[in-house]
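# Residue-level structural notes
What follows is the residue order along each chain.
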Amino acid sequence: MSNANSEILVDVDGVEMVFRRGAEEIHVLKDLHLKVPKGEFLALMGPSGSGKSTLLNLIGGLDRPTRGKVRIGGEPLEGLSDRRLADWRARHIGFVFQLYNLVPVLSAERNVELPLLLTHLTKAQRQKHVAAALNMVGLSQRARHFPRTLSGGEQQRVGIARAIVTDPTLLLCDEPTGDLDRKAGDEILDLLQALNREQGKTIIMVTHDPHASARASRTVYLNKGQLASEPLQ
Amino acid sequence: MAGPINWLSQVISITKFGLLGIPGRIGSVAAAVCGIAGVVTVLVGVLSIGAGFRRALEVSGSPDNAVVLRSGADSEMVSGLSREDVNLISEAPGVRRDNGSPLASPELFVIINLPTRATGMDANVPMRGVEKAAFQVRDHFKIESGRALEWGKNEVIVGAGASGQFAGLHVGGKVPVGRFEWPVVGIFSAGGSTAESEIWTDARVLQAAYDRGDSYQSVQARLESPAKFQAFKDELTTNPRLNVKVVRQNDYYAEQSTAVTKLINTLGFLVALLMAFGAVFGALNTMYTSVSVRKREIATLRALGFGASAVIASVMLESLALALGGGLLGGGLAYGAFNGFHTSTMNWQSFSQVTFAFQVTPELLTQGIVWAALIGLLGGLFPALRASRVSISAALRDL
Ligand SMILES: Nc1ncnc2c1ncn2[C@@H]1O[C@H](COP(=O)(O)OP(=O)(O)OP(=O)(O)O)[C@@H](O)[C@H]1O
Ligand SMILES: [Mg+2]
């Protein structure tokens, strides 16, 4: 991307996240800053419990920070009501989950169609988008299959098709290869890399696996609530 | 962006996934559906008793007819009219005439003891002494088997309802009247009215057997039209030679049914209410299970942009759908088990047994379905609120 460094898509500005568990306060993120330019494939690493998922959820508008601002494409999320935030997610964010989170009673194509139910597309238009997304992840032949009849890698590809079917601004992947073997994991990483390089998708991927983060254009490390560009020893 | 159509399609899809997932938690779903079906069966079943009783008394009264009793008497049992009273009543204006003779039926009313077929225990059975006019002031009177009464004979005909409920009341059977036993010569129907609960005989014969002289207890008069009632009543109540009260026949029977119907309905509601309480917990349990099994699925849908209110509506809708299933099942069961079931009960106004059939009416079925729907909505509400309030990120973390 020619203007990759000029246009900031994700701007996490002085974010603090505190969870309460009874009387106990857990400070997960402290005065955290992160800027992700449009078109970047960012890997987010860090020890278990360091707050990687928490940060991803804040960027995706699933949670609201205790302090600080999250702006996506210039839009400050704290200004949106829950209702509008849900609409905003539907339009701008594609989520990919570690455990795929497919609806078990729906076939692959119906799962991929889900986010499109929130749009004004007609049935025929939806079907076209679904077919394109399944084709992109190489699962056109499995459109009618139910999740339980698909392998883990195939299920995750359905998950990715569901995440990209609305052509979102930003793909957020929380350990997308965490439950897959090396071969299936590599296929998923190939796919994400292709989406980033060929379609210019901005991707933030949480991972524990250096092999996975090596595919990203940049890696940041979360530790003790702060980000660093090098892993802490 | 999210218009109402969009919202509705969200609700429909989430509900659909919930319903499609039912086979996976069939146990708790079946328990809740059966619980609700039980409530509806009991409610509709018990209320059908009241409805049947009310109907039996309602069809007994015609707006064309008036009942004349001694003033102060609430029922035929405690009434008494002399032959002169009867003549004055018959000649009053407004009474319809057939070939010159008034359609006014003086009737005698006594109670005899007969064992019931079901338990063998003695019960009070009403016995009516009638004259020819009795058949003219009643619609739908029909001899079903045997033959009609012959006048002046010690013999009886028996209503179909009484015949089914009490021992010995078949053609060729015998009825103990005082020291005598009178043969049953016929069985009659009377359009489902209370007459079907009675034994009929010649009024003169009954007067003699009970030493009643020439007295009667009521006159059932057929009026020229319902509009003539007021004039007929005024004429009789202002006549200084008479001391009577005049009521429309349908009011007379309606009043008789209110006490018993009220009792039955109160009982039905109480039992159904207690059961409904249990059924609400059954529904709550089922829907809590549903939303906790689907916790991650619902969180995923919300992450994708489905709205919290759509989640609430769809959980309620799922609960409602299950409840309506239970309601229909219960209504069907009640209809199959109770509709047309014949029994008899004490009519406290006449101190005698009224036989009637349970009536599972469309109104009762509707009422049962409404109860089921309320149970379903109540049982779905709290699980729905819980499902919508749980934080998306927390639900996604839970495995
Ligand atoms: N909803 C919540 N309520 C309370 N505590 C929470 C909540 N979400 C996260 N936490 C806590 O915040 C901390 C960070 O959690 P988070 O899931 O972000 O870590 P992570 O880096 O993604 O870990 P992992 O690599 O194991 O997925 C943990 O201590 C966790 O227990
Ligand atoms: Mg995590």
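Residues numbered from 1 in each chain as written. Chains lettered and ligands numbered in written order. Predicted model: local features only at pLDDT ≥ 70, side-chain atom pairs only at ≥ 80, totals over all residues. Heavy atoms only, no water.

### Brief notes about the pairing of strand β8 (residues 202-206) of chain A
Within a regular beta strand, the side chains point alternately toward one face of the sheet and then the other, so they alternate between its two faces. All names here are of chain A. The cut-off we apply is this: Partly exposed residues are those whose accessible area sits between 20% and 50% of the maximum for their type, while under 20% is buried and over 50% is exposed, using a 1.4 Å probe and protein chains only. Secondary structure counts use DSSP, requiring at least four H or I residues in a row for a helix and at least two E residues in a row for a strand, with both numbered from the N terminus. Between any two strands, pairing holds if DSSP finds at least two bridges. By convention a crossover is right-handed if, when the strands point away from the viewer, the path from the first strand over the helix to the second runs clockwise.
Taking burial as the measure, the five residues of β8 include five buried ones, the bulk of the element. What you see with β8 is no split at all: T202, I204 and V206 on one side and I203 and M205 on the other are buried throughout. Bridging between strand β3 (residues 41-45) and β8 involves four bridges; their strand directions are parallel. Each bridged residue has a counterpart across the sheet, and for A43 the counterpart in β8 is M205. As paired elements, strand β7 (residues 170-174) and β8 share five bridges and run parallel to each other. Residue pairing in the sheet places C173 in a bridge with M205 of β8. What joins β7 to β8 is helix α6 (residues 182-199), and the crossover it makes is right-handed.

### A short note on the packing of helix α8 (residues 249-293) of chain B against helix α10 (residues 308-338) of chain B
Residues and elements named next belong to chain B. Worth spelling out the cut-off: Whenever a helix is involved, its axis is fitted only over the stretch in contact; in every case the axis is a line through C-alpha atoms, and angles between N-to-C directions fall within 0 to 180 degrees. Between 65 and 115 degrees an angle is taken as roughly perpendicular, under 35 as roughly parallel, over 145 as roughly antiparallel, and anywhere else as oblique. When the near helix sits turned anticlockwise from the far one by under a right angle, the crossing is termed left-handed; a clockwise turn instead gives a right-handed crossing. By definition, residues are in contact when any of their heavy atoms lie within 4.5 Å. Residues are sorted three ways: Asp, Glu, Lys and Arg are charged, Ala, Val, Leu, Ile, Met, Phe, Trp, Tyr, Cys and Pro are nonpolar, and all the rest, Gly among them, are polar.
Contact geometry of α8 with α10 gives a least axis separation of 11 Å together with a crossing angle of 135 degrees. For the element pair α8 / α10, the angle class is oblique. Relative to α10, the crossing made by α8 is right-handed. Note on element contacts: α10 touches α8 through V315, E318, S319 and L322, opposite T286, M287, S290 and V291. Looking at the contact of α8 with α10, its residues break down into four nonpolar, three polar and one charged.

### What to know about the nonpolar core
Residues and elements named next belong to chain A. For the record, the criterion: Residues grouped as a nonpolar core are buried Ala, Val, Leu, Ile, Met, Phe, Trp, Tyr and Cys residues, joined through side-chain atoms within 4.5 Å.
The biggest cluster of nonpolar side chains holds 37 residues, and the ones touching the most others in it are V10, L29, I59 and I204. Residues contacting I59, with those up to four places away along its chain left out, are V10, V12, L34, V70, I72, L77, W88, I93, L170, L172 and I204. Residues L116, I160, I164 and A216 belong to the second largest nonpolar core, which totals 34 residues.

### Looking at the domain arrangement of chain B
Residues and elements named next belong to chain B. Let me state the cut-off plainly: How far each domain reaches was decided by an automatic or database domain assignment. Buried area, as used here, totals the accessible surface that two parts lose on assembly, with accessibility defined by a 1.4 Å probe and the loss added over both. Note on definitions: salt bridges are taken to be side-chain nitrogens of Lys or Arg within 4 Å of carboxyl oxygens of Asp or Glu. In protein, a polar contact means a hydrogen-donor-capable atom and an acceptor-capable atom, both N or O and within 3.5 Å, with residues adjacent in sequence counting only if both atoms are side-chain atoms; elsewhere, any N or O pair within 3.5 Å suffices.
For chain B, the assigned domains are domain 1 (2-58 + 256-397) and domain 2 (72-242). The straight-line distance from the C-alpha centre of domain 1 to that of domain 2 is 47 Å. Surface buried jointly by domain 1 and domain 2 totals about 1,000 Å² across both partners, of which 56% is contributed by carbon and sulfur atoms. Counting the contacts that link domain 1 with domain 2 gives zero salt bridges. Across the domain 1-domain 2 interface, the total number found is zero residue pairs in polar contact (both at pLDDT 80 or more). When its residues are assigned to classes, the side of domain 1 that touches domain 2 shows five nonpolar, eight polar and no charged.

### What to know about the sheet that holds strand β1 (residues 8-21) of chain A
In spatial order, the strands read β2-β1-β4-β5 (chain A); together these four strands make up an open sheet with antiparallel pairing. Since the sheet does not close on itself, it has two edges, and those belong to β2 (24-37) and β5 (75-76) of chain A, each with one partner.

### A look at the sheet that holds β7(A)
Either a parallel or an antiparallel arrangement is found when strands of a sheet pair, and the pairing is made through backbone hydrogen bonds. Residue and element names in this part refer to chain A. If you walk across this open sheet you meet the six strands as β6-β7-β8-β3-β9-β10, and the pairing is mixed. Of all the strands in the sheet, the pair left with one neighbour each is β6 (93-96) and β10 (226-228). Neighbour to neighbour, the strand axes of the sheet diverge by 20 degrees on average, direction disregarded. Across four bridges, the pairing between β6 and β7 is parallel. Paired with V96 across the two strands is C173, which belongs to β7. Sitting on the sheet, helix α1 (residues 52-59) touches β3, β6, β7, β8 and β9 (218-223), and the angle it makes with β7 is about 155 degrees.

### Here we look at the interface of chain B and chain A
Facing the 23 residues of chain B at the interface are 24 residues of chain A. Inspection of the region where chain B meets chain A yields zero salt bridges. Counting across the interface, chain B meets chain A through five residue pairs in polar contact (both at pLDDT 80 or more). Those elements that place two or more of their residues in the side of chain B that touches chain A are α1 (4-20), α9 (295-304) and α12 (392-397) of chain B. Ranked by the residues each element gives to the side of chain B that touches chain A, the list is headed by α9(B), at seven residues.

### Focus on the site of ligand 1
Applicable threshold: What makes a residue near a molecule or strand is one non-hydrogen atom of that residue sitting within 4 Å of it. We get accessible surface area from the Shrake-Rupley algorithm with a probe of 1.4 Å; when it comes to residues, only the shown protein chains can shield them.
Around ligand 1, a shell composed of 14 residues is seen, among which A:S48, A:K52, A:S53, A:T54 and B:R397 lie nearest. Compared with its free state, where it exposes 630 Å², ligand 1 has 78% of that area covered by protein. Counting only elements with at least two residues in the shell around ligand 1, the list comes to β1 and α1 of chain A. Residue classes in the shell around ligand 1 are distributed as three nonpolar, seven polar and four charged.

### Comments concerning unusual backbone geometry
In the Ramachandran plot, A:K224 falls in the positive-phi region, its phi being about 50 degrees despite a non-glycine side chain. Relative to the elements of secondary structure, A:K224 occurs in the loop between β9 and β10. Although it is not a glycine, B:N99 sits at a positive phi angle of roughly 50 degrees.

### A closer look at helix α4 (residues 123-136) of chain A
Residues and elements named next belong to chain A. Applicable threshold: An expected span of 1.5 Å times one less than the residue number is assigned to each helix. What the arc measures is the spread of directions leading from the helix axis to the C-beta atoms.
With 14 residues, α4 extends 20 Å from end C-alpha to end C-alpha; this agrees with the ideal 20 Å at 1.5 Å per step. Inspection of α4 places R126, V130, A133 and L134 among the buried residues, and these make up the whole buried set. All buried residues of α4 lie within an arc of 95 degrees about the axis, which places them on one face of the element. Counted as exposed and oriented over 90 degrees from the buried face of α4: A124, K128 and N135. Buried positions along α4 lie against α3 (108-113) and α5 (152-164). At the exit of α4 stands G138, carrying a positive phi of roughly 75 degrees.

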